[in-house]
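Inside the fold
If you want the building blocks of each chain, they are given just below.
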Amino acid sequence: MNKSSDSLQGTLDLLILKTLYRCPNHGFGITLHVQTVSGGLVCVEEGSLYPALHRLERHKLLSGSWSVTDNGRRARYYRLTPAGRKRLAEAEQSWSALSKGVAKVLRFA
Amino acid sequence: MKRWLERLWRGRRLDQDVREEIESHLEMRAEMNRGAGLSTDDAGDLARRQFGNSGQVHEDVRRIHLGEWLEGLQQDLRYAWRSLLRAPAFTVTAILAAALGIGATTAVFSAVDRILFRSLPYPAEDRLVSFGFAAPIEPQEFMLGTDYVEWRERQTPFAEMATWASVSDCDLTDRNPARLSCAEVESTFLQTLGVRPLLGRDFTPEDDRPNSSPAALISYGLWQSRFAADPGIAGKTLSLDGKTATIAGVLPASFELPTLARADVLVPLRLDPATQRRPQTGRLLWAIARLKPGVPPDQANQQLAPLFAESLKWVPPNFRKEVKLRVRSLRDRQVQDARLASWVLLGAVLAVLLIACANVANLMLVRATARQRELAVRQALGAGKARLVRQTLTESVLLGLLGGAAGCVLARLLLRLFVAIAPESIPRLAQAALDGRVLAVAIALAVLSGVLFGLPPAFQIPHAEWPTGSRVSGSPRLRFRESLVAAQIAVSLILLTGAALLLRSLWKLESVPLGMRTAAVLTARISLARDAQPERQLAFFEELESRLARLPGVSSLAVTDSVPPVGPARSMIFSAIEIEGRPRFGQGTGGMVTWRTVTPGYFGVLDIPIRRGRSFQDGDRAPDEHAVILNEALAARLYPREDALGKRIRPGLSGPWLTIIGVSANVRNNGLSGQDGPEYYVVRRHSVESAFRESSVLIRTQFTPKAMSDWVRREVATLDPTLPVALETMDQRVAKLAERPRFNATLLGLFAAIGALLAAVGLYGVISFLVAQRTQEIGIRMALGATRAEIARLVLHHAAPWTLVGVLAGIVGSLFATRVLRTLLFGVPEKDPITLVTVSGILLGVAGLASWLPSRRAAQVDPMVALRQD
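Rules used throughout
Residues numbered from 1 in each chain as written. Chains lettered and ligands numbered in written order. Predicted model: local features only at pLDDT ≥ 70, side-chain atom pairs only at ≥ 80, totals over all residues. Heavy atoms only, no water. Helix = DSSP H or I, 4+ residues; strand = E, 2+ residues; numbered from the N terminus. Rg over C-alpha atoms; globule rule 2.2 N^0.38 Å. Buried < 20%, exposed > 50% of the residue type's maximum accessible area, 1.4 Å probe, protein only. Contact = heavy atoms within 4.5 Å. Areas by Shrake-Rupley, 256 points an atom, 1.4 Å probe, with all protein chains shown as cover. Lys, Arg positive; Asp, Glu negative; His and termini not counted. Charge placed at Lys NZ, Arg CZ, Asp CG, Glu CD. Disulfide = S-S within 2.5 Å. Axes fitted to C-alpha atoms, helices over the stretch in contact; angles between N-to-C directions. Parallel < 35°, antiparallel > 145°, perpendicular 65-115°, else oblique. Left-handed = near helix turned anticlockwise from the far one by under 90°. Nonpolar A, V, L, I, M, F, W, Y, C, P; charged D, E, K, R; others polar. pLDDT = per-residue confidence, 0-100. Core = buried A, V, L, I, M, F, W, Y, C linked by side-chain atoms within 4.5 Å. Patch = residues over 30% accessible without salt bridge, like charges linked within 9 Å, V, L, I, M, F, W, Y side chains within 5 Å. Salt bridge = Lys/Arg side-chain N within 4 Å of Asp/Glu carboxyl O. Buried area = accessible area lost by both parts, 1.4 Å probe. Polar contact = N/O pair within 3.5 Å; in protein donor to acceptor, adjacent residues only side chain to side chain. Pairing = 2+ DSSP bridges.

Considerations on the overall build of chain B
Of regular secondary structure, chain B possesses 27 helices and 23 strands. Taken over C-alpha atoms, the radius of gyration comes to 37 Å for chain B, far larger than the 29 Å a tight globule of 870 residues would show. Counting only C-alpha atoms, chain B reaches 120 × 95 × 55 Å along its principal axes. For chain B, with 870 residues in total, the buried portion stands at 50%. Sequence-distant contacts, at least 24 apart, represent 80% of the contacts inside chain B between residues at least 6 apart. Of the roughly 40500 Å² that chain B leaves accessible, carbon and sulfur atoms contribute 59%. Seen as two clouds, the 103 positive and the 83 negative side-chain charges of chain B have centres 5 Å apart.

Following this line, the structure appears as structure tokens:
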């Protein structure tokens, strides 16, 4: 089920991978991080986040394991696998190419 | 289906995980909301609202996992299907090999299932046993009425027990007379078997009382055909042998007697304990019982031992040593000696399946080598080893299933063949069919073989770090394939040895001298109505004799009560033959002596030589004459040092003394494989003492048996149009005796041939592959001056060691495996050097041919073409 060509889903995957690049995190942490860093412009919906996390995990781009948060709460932490790192690099490249391209098109019009 | 898949992928643990994950998310969100100043309840509610439909999320996650799994399977299947289509030659060969193995195994399984595995149609049948005395006078265990009524009261191991007497002809004497078969059973019979009548009532102890009004249970078939399935049949009457009986009930359609004999009517046995207790009037009975729960048959045997010891007291002391107590399962009583042959056939066909699997594995290995580049590319593109293994197994299981489907078609044909060539004496073969149970086995076999021949290629998928794209002529791989071929050769050698031994036995059996001339002799068996009086019996057969003697084409004719070499014949305990001038009773029973009552023409019709004295003459048939003819075996035992002629004997220790007027040559009278047993003949006199209800007419004729049969039938019909006549030539009777060995030998021969063929194809494949792989090398050698003969020798040199290893292993295996055949053999030792040498020779020849063909191709390699390759 490789739908990373789907641009919206591809964007979500990219956001997740990038967020986890810095350090492993849980689902809630990811939504928080994306919202904060984008200054509230991008909001990740939970309804799409969890299916995406599990899909990436099945594709071996992430690995998940139960761990304890700073507040002593149990949560499922996701971390990037080597394959995930590789995929992130590719996705970043194609994203910047795409956005540059789109920007050019927009400017031209 | 969906639920099953979910369980398969341990859905429950995952569900739990996802639920907890969502829960932890909600709690963290709520905590943050509280930090923003909301009350605990509001914080929780808001968190839930912010999250959205958590059930939907849960469902989505689940679909991702399940979908991946299904999609992977679908993808694998599609891929496997395409890659099979791309290599049609490989696919068809592999499917054919698998179909051969699976089809043959399925067919044999369905044939032996009812003998070996399927339970008898009685509830808790594992607790049903047959018990009684085992003695030389009767191959089956039996009880005598005297002992049975005693044991019935005092036995401990059985919850229930019952007896039945033999199944015999009975006549339905209603408006439309018909010959039926009736079984006399004790009133507890059905109850012991756990069978309830379909309609009406079971027998009660009241029915067993000697003076009660006669009752009868009729079979489902009789109820349907004769009484039009009348639902109110219970309580109506029918007349059996001229006596009216009330129909108590109808047996279920699935009912069968423990011996599988056909019975249209069950009637009460009506054992009278008072009569039975007198040893002289005790009847011969077959006894069955239901063991108490937890009592195994051998324990029952021990518990019956004291009763048995008491019963032995009635046995004349000189016979006691020969009588044993036997308790065995009802199934053993039923299948008798069919069990061993069934296991042998099943074993043989499983061996064929293994050979076929090895063949397909070999083919897949060849293909794996050819596809090495493809695999390397896929690995480079990120397919893991596990994925490729899964892919290979999917492909092999798909092949197995396709082979299984083709195999089912083959099994149908084979089964039809089995039933067509099988003798009647193989129990239950006619019932064999491809039902759900057999199909389940076929599918299991298909999947199992798929995994079996998928494993070797799966194991050889290289790790990603292997040099990719290069043509690895890896020696471990080839060595594995060669050992597969060696194993195939070994197994098929064992099969061939077994088949050859059976075939040689069959040949010996069929060429056994019978002691008589059977060609051009027709036999006609006629049995009169049950209520025919002795005067009528005598008159009928004497009239028939004179009518048939007048027929054209009859060169000689005899009437006898029984016909050799087998079949029901009268017999007498040896030590019950009194010799004039000697004390009664020798040591032991001395075994059994066959005797027949024949007309004077008997020895002429069958061409049995009279060694001493004379044959019977018409004068001997006078009512006051008492002449007897012994066969040489009996004469030698009765009069080892004197001339038997003129001496007198008294069989049965009473009645008139019989004068010995002649000694005849021995004739096979114990079946084909038995020894010629002692036998004597008395003449059929013009006296009611020589009256028989059932007799056979033997006719030596110059006409064809077919033409003669019509004449005989017509003559019988003029005397009594209702009588059935069973016509058979003597040759047909004799051929029937070898039917079982012929069936076993044919089947085993067929399987051995298939096995050897598959092994040869396997060897051919490996050598061809070797040649193809070394084409370049061969080209170089030839360019450097190697001759064609040298190249061929090089290739053959490679095939030789593996073939030899296979043959040697096969010979060693045969020495062990053929041991189980011992009791199926006749006149051939199980370790027969001639057979082993011949079979090894044949197999070496076939292997030689299989490797010679590719070696010839190697020798024809054009060095220029070979060197330009690649």
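Description of the state of the cysteines
Following the criterion strictly, the structure yields one disulfide over all chains and no others. There is a disulfide in this structure between B:Cys170 and B:Cys182, and the S-S distance comes to 1.8 Å. One disulfide, between B:Cys170 and B:Cys182, carries an S-S torsion of 75° and so falls in the right-handed class. Linking B:Cys170 in strand S3 (residues 158-172) with B:Cys182 in strand S4 (residues 178-185), this pair joins segments that are twelve residues apart in sequence. As far as the burial class goes, B:Cys170 and B:Cys182 line up, both buried. For the unlinked cysteine A:Cys23, the closest cysteine sulfur is that of A:Cys43, found at 20 Å. The class of A:Cys23 is partly exposed, set by a relative accessible area of 32%.

Description of the packing of helix H13 (residues 338-370) of chain B against helix H15 (residues 385-421) of chain B
Residue and element names in this part refer to chain B. Running from N to C, H13 and H15 cross one another at 140°; their axes reach a closest spacing of 12 Å. It follows that H13 is oblique to H15 by the angle criterion. For the crossing formed where H13 meets H15, the hand is right-handed. Note on element contacts: H15 touches H13 through Thr392, Glu395, Ser396 and Leu399, opposite Val360, Met364 and Arg367. The residue inventory of the contact of H13 with H15, partitioned by class, reads three nonpolar, two polar and two charged.

Brief notes about the environment of B:Ala789
With respect to the element layout, B:Ala789 can be found in helix H25 (residues 788-817). Exposure remark for B:Ala789: the relative accessible area of 46% places this residue in the partly exposed category.

Side note on the confidence of the model for chain A
Residue and element names in this part refer to chain A. Scored by pLDDT, chain A has a mean of 84; 91% of the residues are at 70 or more. The least confident element of chain A, judged by mean pLDDT, is helix H1 (residues 7-22) at 82; the most confident is strand S1 (residues 25-26) at 91. With pLDDT under 50 throughout, residues 1-6 is counted as low confidence; its partners more than four residues away or in other chains account for nine contacts.

Some points on the nonpolar core
Residues and elements named next belong to chain B. Within the largest apolar cluster, 110 residues are counted, with the highest numbers of intra-cluster contacts made by Leu399, Phe418, Tyr602, Phe616, Tyr681 and Phe751. Examining the composition of this core, we find that 16 residues originate from one element, H13, more than from any other. Beyond its immediate chain neighbours, meaning those up to four positions away, tyrosine 602 contacts Ala558, Thr560, Pro564, Arg596, Ile608, Tyr681 and Leu698. Ranked by size, the runner-up nonpolar core spans 49 residues in total, among them Leu128, Phe133, Ala183 and Ala300.

Re a nonpolar patch on the surface
Residue and element names in this part refer to chain B. A surface patch of nonpolar side chains, about 510 Å² in accessible area, is lined by Leu401, Ile443, Val447, Val451, Leu455 and Phe459. Here the nonpolar patch takes five residues from helix H16 (residues 436-459), the largest share from any one element. On the secondary structure map, phenylalanine 459 appears in helix H16. Looking at phenylalanine 459, the relative accessible area reads 64%, which means it is exposed.

Quick look at the interface of chain B and chain A
Chain B puts 21 residues into the contact, and the matching count from chain A is 22 residues. Between chain B and chain A, roughly 2200 Å² of surface is buried when both sides are summed, and carbon and sulfur atoms account for 58% of that area. Counting across the chain B and chain A interface gives five salt bridges. A salt bridge links B:Asp17 to A:Arg76; its shortest N-O distance comes to 3.9 Å. Where chain B meets chain A, there are ten residue pairs in polar contact (both at pLDDT 80 or more). At the level of elements, helix H2 (11-35), helix H3 (40-51) and helix H4 (54-86) of chain B are the ones that each hand at least two residues to the side of chain B that touches chain A. Sort the elements by how many residues they give to the side of chain B that touches chain A and H2(B) lands first, with eleven residues.

Considering the side chain of B:Asp17
Inspection of the secondary structure assignment puts B:Asp17 in helix H2. The class of B:Asp17 is buried, set by a relative accessible area of 18%. Among the polar contacts made by the side chain of B:Asp17, one reaches the side chain of A:Trp66 at a distance of 3.4 Å. Excluding its chain neighbours within four sequence positions, the residues that come into contact with B:Asp17 are A:Trp66 and A:Arg76.

Description of the pairing of strand S2 (residues 138-144) of chain B
Residue and element names in this part refer to chain B. Where strand S1 (residues 128-135) meets S2, two bridges bridge the pair, whose relative direction is antiparallel. Among the inter-strand pairings, phenylalanine 133 is bridged to a residue of S2, identified as phenylalanine 142. Pairing between S2 and strand S10 (residues 284-291): two bridges, direction antiparallel. Paired with methionine 143 across the bridge in S10 is leucine 285.

Re the pattern of salt bridges
Residue and element names in this part refer to chain B. In this structure the tally under the stated criterion is 52 salt bridges over all chains. Where aspartate 113 meets arginine 437, a salt bridge forms, and the shortest distance between an N and an O atom there is 2.9 Å. Placement of aspartate 113 in helix H5 (residues 88-116) and of arginine 437 in helix H16 is noted, with a sequence separation of 324 residues between them. You can call aspartate 113 buried: its relative accessible area is 0%. With a closest N to O distance of 3.3 Å, arginine 611 and glutamate 632 form a salt bridge.

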